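Listed here are the chains, written in short residue letters.
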Amino acid sequence: MIDNQSIISPTFLDNNTDRLSYKTKIKNEYEWARRKIDYYCNKSTFFSEKKEKYKTNYDLYNGRFDFSSYIAAGAEVEENLGVLVPDIDINESDYIHFPVLQTVLHDMVGEEIKRPFNLRVVSTNSNSESVRQRKTKELLVENVSKYAKEQQIQKLVVQNKQKLLKAQEQVNPQLDPNYVESLKKIEDNFMAQIEEMANKMTPLEVETYMAKGFKLPEEKLMDEILQYHIKTDRLKLTFDKGWEDVVITGEEIYWTGQVNGKPTIKRINPLYFNCSRNSDVIFYDEMDWSTYDEYLTVYDLYQRFGNDFKEEERKILDKYESPLSSTASEKSWEIIPNILNDMNANFGMYNDPYDDNPDHNLKTKRIRVSHVVWKSLKKIKYIYRYNENGSLEKNIVDETYVFDKSTDIKQEVLYVPEFWEGYKIYTNPKIYLHISPVLNQYRDIDNPFQIRGPYTGAVFSSNNSNPVAVADLGKPWQFLYNVVINQIIELLKTDIGRILLGLSEQIPKGMTPIQWMSYIKKFKVALISATKDGDLRSMGIDPQYWKSIDLSHTQEISQKIELLEYIERKMTQSMSYNPSRLGQQSPYETLGNNQKNIAQSSSQTERWFYMHNYVKERTVENYMEVCKETYKDNPIRASYVLSDLSVATLNTEVGDFANYNYKVYITNTLRDTEIVNQLKSLIQPIIQNSNGDMRIAAEITRSENATEIVNIIHRIQEQKDARESQQMQQQNQMQQQMQEMQMQMKQQEMEFK
C-alpha cells in the first residue's frame, strides 16, 4: 500500500493505545499499523556510540584501522599514560597498522567452525509422551525383541563361561555311568539360569532403546526436514557468520521467516539493527520492538517482494530503476527520505551510512527498506463449559466469539501480547508491505502470554553493564601496540648507526670524499695527509681524532621490542587466551603444562560458546515453526547429499508433524568435544577387538558426537561377544562329542572283557 503522509500526527501519539479490536487495527488500509511503523522507524537511530564502536571492531577484525580512531586513542594514551604518540596527519598514509588483535579473534571463529552442528529434535506434546509410554509397555511385553534378547543371552554366556566349565569338571566320567546325560543336564540348567537373568535385564534394554534409539515418526520427519535445510541452505555457515558478530560486537541476531514461500534463516547485521533495551531481557525474540534496515536495489526489491507488489507500487519503483549512479531521473533519488533522525524529516541520503565507498562509479544506488516488529495487545476470551465427562474445561476463543448461553457457563475477557510486523520502503510516496500479526508466535496453547518474535539472538556479557565483546577486551592493547611499533618506525627513520669522525684536511689531495670512502671499502686502507716531517702534531692536529661514534637507536629499539612482546602477551591474556592455545608455546614447556594451559583458557571462553549454542537452539526452534507453517499445506519431495556423500530423500507428505511442538538440543560443548577426542584415542584397541577391520577406524573418524562412537563400540563388543559365545558352543559340542566317543570306547572295552 502507498502512503503520502510523512509526519506522524499528534493525535496518533496521544491516543496510541493497543487495546483495539483487530477490525479497528486494519481499517483504512492498516492506518494504525502504518503509524506504528513510522513511529518505530523514527525512534531508531543509525549513528550512535555503540554502532561506531561496532564499525571500528569490524575494521580491526578485517585487519583495517581508521586514522580518526588512532588520533582519538593516541590523545587518550598521551593523557593517561604519558606516552608520546607520533604526530600524524589524518590524510597521510605513512601510519602503519599491525593487526595482532585479529589473531585471537580468528582463532575463536575457527574453533566454532570446527565444532560439529549436531541437533536432536524432541517432541514436547503431551500426546507424544503418551505414545512413548505406550511403546515402552509394548516393548516390555514383547521382551524388547527376539534379537535383543539373543544378544543379551550371548553376553551372559560369555561372562559366566567359567562357572559352566567348573560345574562340568566336577562330574567324573569313571564314577558316573550317565556321564553324558549329566553334562547335558548341567548345560540345560546353566542356560535356564542365563535366560532368567536375561529376562530380568530386559527393562534396562527397553530404557536404553527408548532413551537413545526410539523416535516418534513426527520427530524423525522434522529431523529430516532440518537436515535437508542444513545441507541445502548452508545453515552451519549462517550460524558461523553470526558467531563472528559475537566475537566482534558481543551480540548476534537472526531472522526466521518465509521468503517467496521458502523457510529462511538470515543472519542480521548488528550495525543496522535496533530494538528496545531491557536489563532483564537478553533474548531479542522477547523484546518489545525491533527494527532492521537494509539498502536494496530495485531488482532486490522485486526478488524479495515481487509477488506482493501491486501495479501502482510498481509504477513508483519504475522511477528508481537505474543500474548505476548516473540515473535517468536524478530528481527521484534526491527526494528519498532514507535517514529520518528527525521525526518530521522528509528528505535524506540514499547511501548506506556504513558504506566505506558510496560514491564509486560502479555502485548501484539502493533504497532503504525497514522491517519493523512490535508488540501490541490482543483481546481473547476464556469460555468455560462442561465436557462429555461432566468436568468444567476452559477454552480459548478470539474476540469475535459470541457467548452461547445454552452451552457456555461463563466467560473471561483478557488481553494478551501479540507481535505485529510490516515493511516500509522509502520511496516517494512510501510503500508498506506484509503488515500482519507474526505467524506462529504462540508456542503453548495453555499459555497465550508467552510469545516469540521473528528476530532471535542475544546480547553477551551485559549483566548489569553495557555489552562487551571479546574484541573490546583486546582493543586498548591493539591501540597501544600500534603506538609503540610506529614509534619504532620513527626511530628507524633517524637511525644512522656507527659513523667515522675525522678532518677533511686529512683526506689526500686529489681525492674527493666519495673516492676516499670507495678506496677504504675496496682496499680496507685509509690514506691521510700529513706534514713533510710526518708529524700531525706540528699542524696542531691530534692523530687520535679519527674515531667512530654510535648514532644508532639500538638500545631504545630493543627496549620497545620488549614492550611490544609485553603488550601482545597482555592482550591475549585480557581476552582469556594464552600462547599454548594459539600454538605458540615454548619448546621447553612440558606436554602436561601445555594441555593444562589450553584447558584453562578454553574454560574461560566456554561461556561464549555456551550462550551461542542456546541462541542456535532458539533460532532453530523458530525455524521449525516456519517449516511447519510452510510444509503443512505445501509438501515437498526432495533429495539431498549427506556429509558422507550418501543421498537422502525428504517427503513431507507423510505424517502429522505440523500439529506437534518441538524442542532442539545441541551437543557440542567443550566437555562433549573432550569426550569425543578421548573416545577417538581408543581406535587402536577397538580395531583389535574388531579383528583388524579398518572400516571401523574410518567410521569412528567421521563421527562427530560421542553417542555415535559409543554405539559403534557397543556394536563391536556385541559382535565380539557373539563370536566368543559361538566359539564356546562349538568347543562344548566338540567336548561332548569327545566324551561320547570316550564313553563308547570304554563300553566297548567292558563288553570285550
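Residues numbered from 1 in each chain as written. Predicted model: local features only at pLDDT ≥ 70, side-chain atom pairs only at ≥ 80, totals over all residues. Heavy atoms only, no water.

### A look at the pairing of strand 11 (residues 455–459)
- Counted residue by residue, strand 11 has 5 buried out of 5 residues, so it is predominantly covered.
- The alternating pattern of strand 11 places Tyr455, Gly457 and Val459 and Thr456 and Ala458 on opposite faces, both of which are buried.
- Strand direction decides the pairing type here: strand 3 (residues 251–259) and strand 11, joined by 5 bridges, are antiparallel. If you follow Trp255 over to strand 11, its bridge partner there is Tyr455. (Buried < 20%, exposed > 50% of the residue type's maximum accessible area, 1.4 Å probe, protein only. Helix = DSSP H or I, 4+ residues; strand = E, 2+ residues; numbered from the N terminus. Pairing = 2+ DSSP bridges.)

### Regarding the side chain of Ser290
- Inspection of the secondary structure assignment puts Ser290 in strand 6 (residues 289–296).
- Once residues lying within four places of it in the same chain are set aside, the contact partners of Ser290 are Phe273, Asn274, Cys275, His371, Val372, Val373 and Tyr455. (Contact = heavy atoms within 4.5 Å.)

### Here we look at helix 5 (residues 101–114)
- Here helix 5 is 14 residues long and its end C-alpha atoms lie 21 Å apart, about the 20 Å a rise of 1.5 Å per residue gives.
- In this fold, the buried residues of helix 5 make contact with helix 3 (49–61), helix 11 (235–249), helix 15 (470–493), helix 17 (554–574) and helix 18 (591–633). (Expected span 1.5 Å × (residues − 1).)

### Structural notes on the packing of helix 5 against helix 18
- Helix 18 packs onto helix 5 with a crossing angle of 50° between their chain directions and a minimal axis gap of 12 Å. Between helix 5 and helix 18, the crossing angle belongs to the class labelled oblique. Both helix 5 and helix 18 take part in a crossing whose hand is right-handed. Contacts from Met108, Glu111 and Glu112 of helix 5 reach helix 18 at Thr605, Phe609, His612 and Lys616.
- Here the contact of helix 5 with helix 18 is built from residues that sort into 2 nonpolar, 2 polar and 3 charged. (Axes fitted to C-alpha atoms, helices over the stretch in contact; angles between N-to-C directions. Parallel < 35°, antiparallel > 145°, perpendicular 65-115°, else oblique. Left-handed = near helix turned anticlockwise from the far one by under 90°. Nonpolar A, V, L, I, M, F, W, Y, C, P; charged D, E, K, R; others polar.)

### A short note on the sheet that holds strand 11
- Read from one edge of the open sheet, 3 strands run 4-3-11, paired in antiparallel fashion. Of all strands in the sheet, those bounded by a partner on one side alone are strand 4 (262–268) and strand 11. Taking each pair of neighbouring strands and ignoring which way they run, the sheet shows an average axis angle of 15°.
- In this structure, strand 3 lies alongside strand 4, joined through 7 bridges in antiparallel fashion. Across the sheet, residue Gln258 finds its bridge partner in strand 4, namely Pro263.
- Sheet strands in contact with helix 11 are strand 3 and strand 4, and its direction is about 150° off that of strand 3.
- Strand contacts of helix 18: strand 3, strand 4 and strand 11, with the helix running at about 10° to strand 3, the strand carrying the most contacts.

### A few points about helix 2 (residues 22–43)
- Between its first and last C-alpha atoms helix 2 spans 25 Å; for 22 residues at 1.5 Å apiece the expected length is 32 Å, and the helix comes up short by more than 12%.
- The principal kink in helix 2, of about 110°, is found at Asn28. (Bend = angle between axes of the 7 residues up to and from the residue.)

### Some remarks on the pattern of salt bridges
- For the structure on display, the rule yields 25 salt bridges.
- Its salt-bridge partner being Asp245, residue Arg267 comes within 2.8 Å of it at the nearest N-O pair. Note that Arg267 is positioned in strand 4 and Asp245 in helix 11, a separation of 22 residues in sequence.
- Using a relative accessible area of 1% as the deciding quantity, one classes Asp245 as buried.
- Notably, a salt bridge pairs Arg368 with Asp293, separated by 2.8 Å at the nearest N-O pair. Taken together, the residues Arg368 in strand 7 (residues 367–386) and Asp293 in strand 6 connect sequence positions 75 residues apart. Just as Arg368 is buried, Asp293 falls in that class too. (Salt bridge = Lys/Arg side-chain N within 4 Å of Asp/Glu carboxyl O.)

### Some words on the pairing of strand 2 (residues 119–123)
- By the alternation rule, side chains of strand 2 split into Leu119, Val121 and Ser123, which are all buried, and Arg120 and Val122, of which none is buried.
- For strand 2 and strand 16 (residues 662–666), the ladder comprises 5 bridges, and the chain directions are antiparallel. Bridging across to strand 16, Arg120 finds its partner in Tyr665.

### What to know about the packing of aromatic side chains
- Summed over all chains, the structure comprises 19 aromatic pairs.
- When the centroid spacing of 5.4 Å and the interplanar angle of 55° are considered together, the rings of Phe273 and Tyr284 count as tilted. Of this pair, Phe273 sits in strand 5 (residues 273–275) while Tyr284 is found in the loop between strand 5 and strand 6, placing the two residues 11 residues apart along the sequence.
- A relative accessible area of 3% means that Tyr284 is categorised as buried.
- Among the aromatic residues, ring-to-ring pairing joins Tyr22, Trp32, Tyr39, Tyr40, Trp289, Trp374 and Trp420 into one connected group.
- For the cation-ring pair, Lys410 lies above Tyr384, with the distance from its terminal atom to the ring centre recorded as 4.7 Å. (Phe/Tyr/Trp six-rings, centres within 6.5 Å; stacked < 30°, edge-to-face > 60°. Lys NZ or Arg CZ within 6 Å of the ring centre and 35° of its normal.)

These results come straight from atomic positions and should not be treated as a statement about function.
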